[in-house]
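Understanding the architecture of this molecule
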Amino acid sequence: MLSRRHFLGAGLAAPAFYAAGSFVPVWAQNAPNFGTPTLPNPGFRRMKVGDVEVVALADGVTRRPLGEEFVKNAPLAEVRALLTSQGLPTDYIDVPYTPFLVVAGGRKILIDTGLGEFGGPTTGKLLDSLAAAGLKADDIDTVLISHYHGDHINGIRNKAGAPTFPKAKVLVPAAEHAFWMDDARMAAAPAGMKGAFENVRRTFATMPADTLVQFGAGTEVAPGIQSVAAYGHTPGHTLFELKSAGQNFFYVADLTNVPALFARNPDWAVTFDMDAEAARKVRREVFQRITASNAMLGGFHFPFPAFGRMAASGNGYAFQPAA
């Protein structure tokens, strides 16, 4: 995997995730109305991986206009042509949000938390999906965070500041935490990133030391779950590989946003990748590894149920959803 030194030596490019003082994505504040996306019902799907259970939990879907800025290094006409070839709309993109839960014996480990109370009306459904699966927030003993973009961390606290999962330890990548909690870096950040830094501080700055646990790249963060450095999308973007009884499941977080575009064309760069070149290299490396092992994978922004397998296709890869 690419080193953090490589990432920090590259020029950072980041979109305006949040306007300062706001936790609503900038693009959503004045977006045209393309209708309401259909939400999964029920909002959960279970699968077995060896001796453990993995549960996909829908947090919702947002529909955003497809403009020139979404794919940074490809003409919009090419992007639309690829969508057309797959029978998908060409004037907007549906972006799902799907955290995953690992149930292993008495452990209940949530991976990423969705938008919580800080998104629009078609998001923030994680707790509803958890309830539909017969579970509640108090059941969660561990929260694993892949990176610090708002759609992955905003569900940790409610608007009043109370923890959503009061009995859980929150495990975060040390490289990611160091970047976003750096006061000098926040002060020097461009205006478009100020809101993202503020959002991270809102989430983590007052978290008790015995709750917030940082982990290094390549470490076992829970029994049978290994962290995998995949820097590029953010400075500490981290994936998780679960192994049980000879089977494995790979949670790829934001390795690709909209697999119909960025898995099919791994060299395309989504607007949210902070280091597009690092993200491109690690995307190809991880997808090659996953296809070679025929591992099951799950992606935070994959179409629900958000898990399946990846197969080589042309110059890239095609996502094959689980039945």
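Below is a short write-up of the structure. (Residues numbered from 1 in each chain as written. Predicted model: local features only at pLDDT ≥ 70, side-chain atom pairs only at ≥ 80, totals over all residues. Heavy atoms only, no water.)

For the rest of this paragraph, the subject is the overall build of the protein chain. Regarding its fold elements, the protein chain presents 10 helices and 16 strands. By the compact-globule yardstick of 20 Å for 323 residues, the protein chain fits well, its C-alpha radius of gyration being 18 Å. Principal-axis analysis of the C-alpha atoms places the extent of the protein chain at approximately 50 × 45 × 40 Å. When contacts within the protein chain are restricted to residue pairs at least 6 apart in sequence, long-range pairs at least 24 apart make up 70% of them. As displayed, the protein chain has an accessible area near 12700 Å², and 53% of this comes from carbon and sulfur atoms. Each charge class in the protein chain can be summarised by its mean position, and for the 29 positive and 28 negative side chains these summaries are 2 Å apart. (Helix = DSSP H or I, 4+ residues; strand = E, 2+ residues; numbered from the N terminus. Rg over C-alpha atoms; globule rule 2.2 N^0.38 Å. Contact = heavy atoms within 4.5 Å. Areas by Shrake-Rupley, 256 points an atom, 1.4 Å probe, with all protein chains shown as cover. Lys, Arg positive; Asp, Glu negative; His and termini not counted. Charge placed at Lys NZ, Arg CZ, Asp CG, Glu CD.)

Attention now moves to the layout of surface pockets. Computed from the structure, the second largest pocket encloses a volume of approximately 520 Å³. Of all the secondary structure elements, the ones that give two or more residues to the lining of the second largest pocket are β4 (92-97), α9 (259-262) and β16 (316-321). Taken together, the residues of the lining of the second largest pocket sort by class into 19 nonpolar, three polar and two charged. (1 Å grid on protein atoms, 1.4 Å probe; cavity = no way out; pocket = protein on both sides within 12 Å on 5 of 7 lines; lining within 4 Å. Points joined across faces, edges and corners; volume = space filled by probe spheres on them. Nonpolar A, V, L, I, M, F, W, Y, C, P; charged D, E, K, R; others polar.)

Phe70, Ile225, Phe249, Leu261 and Leu297 are the most contacted members of the largest nonpolar core, which totals 60 residues. In contact with phenylalanine 249, other than residues within four places in its own chain, are Met47, Val49, Val54, Phe100, Phe240, Glu241, Leu242, Met296, Leu297, Gly298 and Phe307. Core analysis: the next-biggest nonpolar cluster, separate from the first, contains 32 residues, Ala133, Ala137, Tyr148 and Phe179 among them. (Core = buried A, V, L, I, M, F, W, Y, C linked by side-chain atoms within 4.5 Å. Buried < 20%, exposed > 50% of the residue type's maximum accessible area, 1.4 Å probe, protein only.)

Turning to helix α3 (residues 76-85), a few remarks are in order. All buried positions along α3 are accounted for by Leu76, Val79, Leu82 and Leu83. Buried residues of α3 fall within an arc of 125° about the axis and therefore sit on the same side. Counted as exposed and oriented over 90 degrees from the buried face of α3: Ala77, Thr84 and Ser85. In the core, the buried residues of α3 are packed alongside β4 and α9. Downstream of α3 by a residue or two, glycine 87 has a phi angle that is positive, lying close to 70°. (Arc of directions from axis to C-beta.)

The element strand β6 (residues 107-111) is largely enclosed, with a buried count of four among its five residues. Between strand β5 (residues 100-104) and β6, which pair antiparallel and follow one another directly, the connecting turn spans two residues, one of which, glycine 105, has a positive phi of 65°. At this point the chain moves from β6, through helix α4 (residues 126-132), to the parallel strand β7 (residues 142-144), and the crossover so formed is right-handed. (Pairing = 2+ DSSP bridges. Right-handed = clockwise from strand over helix to strand, strands pointing away.)

Looking at the element boundaries, aspartate 141 is found in the loop between α4 and β7. In terms of polar contacts, aspartate 141 uses its side chain to reach the side chain of threonine 142, at 2.7 Å. Discounting chain neighbours no more than four positions away, the residues touching aspartate 141 are Gly106, Arg107, Lys108, Ile109, Lys167, Ala168 and Lys169. (Polar contact = N/O pair within 3.5 Å; in protein donor to acceptor, adjacent residues only side chain to side chain.)

We now examine the sheet that holds strand β2 (residues 52-57). Strands sit in the order β1-β2-β5-β6-β7-β8-β9 across an open sheet of seven strands; the sheet is mixed. This sheet does not close on itself; its edge strands, each paired only once, are β1 (44-49) and β9 (212-215). Here the average twist between neighbouring strands, direction ignored, is 25°. Where strand β8 (residues 169-173) lies against β9, four bridges are found, and the strand directions are parallel. Note on β9: the bridge partner recorded for valine 172 is glutamine 214. (Axes fitted to C-alpha atoms, helices over the stretch in contact; angles between N-to-C directions.)

This part takes up unusual backbone geometry. The peptide bond linking asparagine 41 to proline 42 adopts the cis configuration, its omega dihedral lying at 5°. As for its position among the elements, proline 42 is in the loop between α2 (26-29) and β1. Of note, the amide linkage connecting phenylalanine 304 to proline 305 takes the cis form, showing an omega dihedral of 15°. Secondary-structure assignment places proline 305 in the loop between β14 (296-298) and β15 (307-313). Of note, alanine 253 is a non-glycine position whose phi angle comes to about 50°, a positive value.

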